[in-house]
Amino acid sequence: MSILLSGIRSQSPLSVASDNSTRRTLNDARLFETMPLDDALDDALQENVSPEARPRRATPSPDDFARRVHSYEILNQFVIGAQWRALALAAEATILETPSRDERTILKLWVYRILALASLRHYALADRELSRLEHATHFAKLSSNGRAPTVVWPFELRVLRARIPALALDDYRTSIDRLSALARACQRQILRKPDSAELNTQRLFRLNLLIVGCLVKLRDASLATDMLCRLCEPSDGAEPDPQLLSAAARLYLQLGAVAEAEALFVRVEHIVSKDDVLAQMNRALYAVSIEKWQVARDSFVAIHKDHSERIAAANNAAICELYLGSPQAMLNSLQQLMVDSPAAAGAAEVLIFNYCSGLDLHYDGAKLREAKAKKMIEVGMWAGDGFDTSSFKIQ
């Protein structure tokens, strides 16, 4: 689950040096920050919805989790349900109750803790805890008394740490540096350990995609597309991955390079059938790029009909309705989508944002506030912790 902790910088712009830098265990209680237990969606419901109409949403308490070891099964259930506050508290309690000598287990549990904080957008807290954990890791290695170091951060934990500067401060360059260091470590592991080459190749690919995402945020279109296109071409001369080719083409569309995107879409259709959902989605997105809204809408509707799990297609079809001059049709389509798939679509931030944008075009005044409050109630029934309430577009 892990590779060497090499190439990671010790500090980030968010990091605060610990007053207790000499701690030596990975489950020291002083490693943890006090996490706020409030929730933005709960607050929004209190401000905009009457008490009798509010959905019931549980607020976890540290006492519910303290002094207990919570199994991986329970932790994973919290992840699936987006119960990030419960996950953070349960992971902390389990770390504290795990014997200090079981460093491998403790570090796996830290993945859950940092994932929960990041999902709650508590990036500064996550960064400070990771900084302290680095100090603890360092001293654990020094105290190994000449033995081979056994304290190795899980790969997932290092990826989270690499991404936090971009997530918290839009510091994409620092994140690129950290992701690149991890990528170099993966490349070394591929050469040194042929038995794990497949795993490290997959990790390297994932890291490169994250770097491309950072480059897009930096608006470095040339480097982003160049890197993505190089990822599309296997070094062994094998057939390129159609998913990657499609991703590169869609990036070209975002950059306005329609001709380049079209060329890659054509390559995809030489690899997969034109009836394949990937090819269908590509053609629909291409129609959007050339403002063929009716063609695009019909294509997205067909994709959603044949592949009911394709929520993105239904969302795109609804947006096409707006560009065809019918915000009411967009609202109806999105509402039906959320009714049909409440758990998946009913709390999807992008869908809620688009729906509320349609409300802004269709209503005003008290009617608008009432419509958004109603949608907020529906979201509150399905959404987990950390929902981005700016999706409701409430001033």
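Residues numbered from 1 in each chain as written. Predicted model: local features only at pLDDT ≥ 70, side-chain atom pairs only at ≥ 80, totals over all residues. Heavy atoms only, no water.

*Asks:* Just checking my understanding: could you explain the nonpolar core for this structure?
*Replies:* Where a protein is soluble and globular, its nonpolar side chains tend to be buried together. Membership of the largest hydrophobic core comes to 39 residues, with the highest contact counts inside it found for W110, I114, L133 and L157. Contributing elements (two or more residues each) for this core: α2 (72–80), α3 (84–97), α4 (103–119), α5 (123–142) and α6 (155–169). Looking at this core, the element that brings in the most residues is α4, giving ten residues. Filtering out sequence-adjacent residues up to four positions away, L157 remains in contact with L107, W110, V111, I114, L130 and L133. Core analysis: the next-biggest nonpolar cluster, separate from the first, contains 35 residues, F155, L179, L245 and A261 among them. (Core = buried A, V, L, I, M, F, W, Y, C linked by side-chain atoms within 4.5 Å. Buried < 20%, exposed > 50% of the residue type's maximum accessible area, 1.4 Å probe, protein only. Helix = DSSP H or I, 4+ residues; strand = E, 2+ residues; numbered from the N terminus. Contact = heavy atoms within 4.5 Å.)

*Asks:* Explain the packing of α2 against α3 here, please?
*Replies:* Working note: a packed helix pair is described by the angle between its axes plus the distance between those axes. One can describe the packing of α2 onto α3 by two numbers: an axis separation of 8 Å at closest approach and a directional angle of 155°. Between α2 and α3, the angle is such that the two are roughly antiparallel. Note that α2 runs across α3; the crossing there is left-handed. Here L75, F78 and V79 of α2 come into contact with α3, specifically with W84, A86, L87, A90 and A91. (Axes fitted to C-alpha atoms, helices over the stretch in contact; angles between N-to-C directions. Parallel < 35°, antiparallel > 145°, perpendicular 65-115°, else oblique. Left-handed = near helix turned anticlockwise from the far one by under 90°.)

*Asks:* Help me understand unusual backbone geometry in this model?
*Replies:* Backbone geometry follows two general trends: most residues other than glycine have a negative phi, and most peptide bonds adopt the trans configuration. Its identity as a non-glycine residue notwithstanding, R67 has a phi of 55°, on the positive side. For R67, the location among the structural elements is in the loop between α1 (40–48) and α2. Even without being glycine, E291 reaches a positive phi, approximately 60°. When you line up the elements, E291 lands in the loop between α12 (277–289) and α13 (293–306). Residue classification places E291 among the exposed positions, given a relative accessible area of 59%.

*Asks:* What's the story with the confidence of the model for the protein in this structure? I'm lost.
*Replies:* Should the pLDDT be low somewhere, the predicted coordinates at that spot are not to be read in detail. Summarising the model, the protein shows a mean pLDDT of 88, and 90% of its residues fall at 70 or more. For the protein, helix α9 (residues 221–232) is the element with the lowest average pLDDT, namely 84, and α3 is the one with the highest, namely 98. (pLDDT = per-residue confidence, 0-100.)

*Asks:* Would you take a moment to explain the pattern of salt bridges for this structure?
*Replies:* Charged atoms that come close allow side chains of opposite charge to pair. On inspection of all chains with the given rule, the structure shows 19 salt bridges. When the shortest N-O distance is used, the salt bridge between E33 and R132 registers 2.7 Å. With E33 in the segment before α1 and R132 in helix α5, this residue pair connects regions lying 99 residues apart in the sequence. Across the salt bridge formed by E378 and K375, the nearest N and O atoms sit 2.6 Å from each other. Of this pair, E378 and K375 both sit in helix α17 (residues 365–382), three residues apart, which is roughly one turn of the helix. A relative accessible area of 24% places E378 in the partly exposed class. Using a relative accessible area of 2% as the deciding quantity, one classes K375 as buried. Because the salt bridges share partners, they merge into one network encompassing D39, D42, R57, R85 and D385. (Salt bridge = Lys/Arg side-chain N within 4 Å of Asp/Glu carboxyl O.)

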